[in-house]
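Summary of the model geometry
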Amino acid sequence: MEPSETTTSTSPDGDHAPETRLTTRLTRLWGIDVPVIGAPMAGRAGGDLAAAVTAAGGLGMIGVGASTGPDWIAENAATAAAAGPFGIGLMVWNLADHPEQWRATLDARPTVVSLAFGDPAPYVEEAHEHGVSVVAPVNDRTQLLQALAAGVDVVCVQGTDAGGHTGRLGTMPWMQQVLTYLAVTAPGVPVAVAGGVASGRGLAAVLAAGADAAWVGTSFLASPEALGDEALRAAAEKADGTQTVLTDVYDRAEGLAWDTETWPTRTVVTDFVSRYTGDPTVTDDELAAALAPGGEYDDTLKLHAGQGIGLVKSREPAGDIVRRFGEEAAALLRRTF
């Protein structure tokens, strides 16, 4: 069936093997076995996490932040590439001021590059010339049309349920809008879905709806392969989806040039977030001072996470998560109703 097929491998004597392969347009395009893409979370998704996701059959990605240097990209890309197909995630709004990130990405020869948070058009042709596939995360209709006009290979539907910078439309209604639109206007474009997909049930849901993969970030936040210290992993284990909010206070405090009206940040509530989110009187300088050494909130633990964070209950290795998602989804998609 299209877009996904469920097949169970068999041993030479005919017995069913434990591994089940979910085949979609994206698994075929990128040469992977499980339709799970590790989200390129800046500051959390480095080479080790990407390699673990890829080694388990998914597609691991490394996340490039606003100030990430080309040496870091090269080093982490090499780690990821050693495991197989991998991707690199870039922020389009940042590339004009940091062209070295784009050069380092092309030099790393990833399977795919994610061009998020801006118009991907200036970069798609060159990526294709280097044999690199392009995926564009989109949060609203304007971004979707922009991505299609740019000629991207894959669209990632990102709902507001997602952690980190995201949009304002819920994953389920936004996914349905995009899949319905593409079925008529661009049926050959594969779709990944991001935002709240935090179990094999979530993966089964998006595949059953007609998508080709899940784009997963929050589920890996407590994994040992994720970047960040143990305090962040512990916080991810304890957090609940009801504790996340959309805010712009971190971007303002850090002086980053985000369009936070279009892309607010979903993060776990802290005293800092509670104090300043929605305060129309606070200035950017006051926010920066509050987080600076010696500031009132200088010990704030910043944990960007999606609403699926409540499903993170242990420091499960990333590879185990990918395999579990695939096995659970395959079993559910074989159900008799």
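Every chain is numbered on its own, with residues counted from 1 as its sequence reads. Local features in this predicted model are restricted to residues whose pLDDT is 70 or higher, and side-chain atom pairs enter the listing and the counts only when it is 80 or higher, whereas totals over whole chains, interfaces and linings include all residues. No hydrogens and no water enter the side-chain calculation; it runs on all heavy atoms of the structure.

Some thoughts on the pattern of salt bridges
Condition: Salt bridges are defined by distance alone: a side-chain nitrogen of Lys or Arg within 4 Å of a carboxyl oxygen of Asp or Glu. Working definition: helices are DSSP H or I runs of at least four residues, strands are E runs of at least two. Numbering for both runs from the N terminus. Classification of residues uses two cut-offs on accessible area relative to the type maximum, computed with a 1.4 Å probe and protein chains only: under 20% is buried, over 50% is exposed, and between them is partly exposed.
For the coordinates displayed, the defined rule picks out 11 salt bridges. Linking R315 and E237 is a salt bridge whose minimum nitrogen-to-oxygen distance equals 2.7 Å. In this pair, R315 is assigned in the loop between α13 (284-291) and α14 (318-333) and E237 in helix α10 (residues 230-238), connecting sequence segments 78 residues apart. Overall, R315 belongs to the partly exposed group, its relative accessible area being 34%. Looking at E237, the relative accessible area reads 23%, which means it is partly exposed. The structure contains a network of salt bridges with shared partners spanning E230, R233, E237 and R315.

Side note on the side chain of Q143
Relative to the assigned elements, Q143 resides in helix α7 (residues 141-150). The exposure class assigned to Q143 is buried, which follows from its relative accessible area of 10%.

A look at the sheet that holds strand β10 (residues 191-194)
Where strands meet in a sheet, backbone hydrogen bonds hold them as pairs that are either parallel or antiparallel. Which entries qualify depends on this criterion: Pairing between two strands is assigned when DSSP locates at least 2 bridges connecting them. Whenever a helix is involved, its axis is fitted only over the stretch in contact; in every case the axis is a line through C-alpha atoms, and angles between N-to-C directions fall within 0 to 180 degrees. Contacts: residue pairs with any heavy atoms within 4.5 Å of one another.
Strand order across the open sheet formed by 8 strands is β3-β11-β10-β8-β7-β6-β5-β4, with parallel pairing between neighbours. The outermost strands of the open sheet, each flanked by one partner alone, are β3 (36-38) and β4 (60-63). The average angle at which neighbouring strand axes cross in this sheet is 25°, direction not considered. Bridge count between strand β5 (residues 86-91) and strand β6 (residues 112-116): 5 bridges; the pairing is parallel. Bridge pairing in β6 places G87 opposite V112. On top of the sheet, helix α2 (residues 47-55) reaches β3, β4 and β5; it is set at about 165° to β4, its chief contact. This element, helix α8 (residues 171-185), spans β7 (133-138), β8 (154-158) and β10 of the sheet and lies at about 170° to β10.

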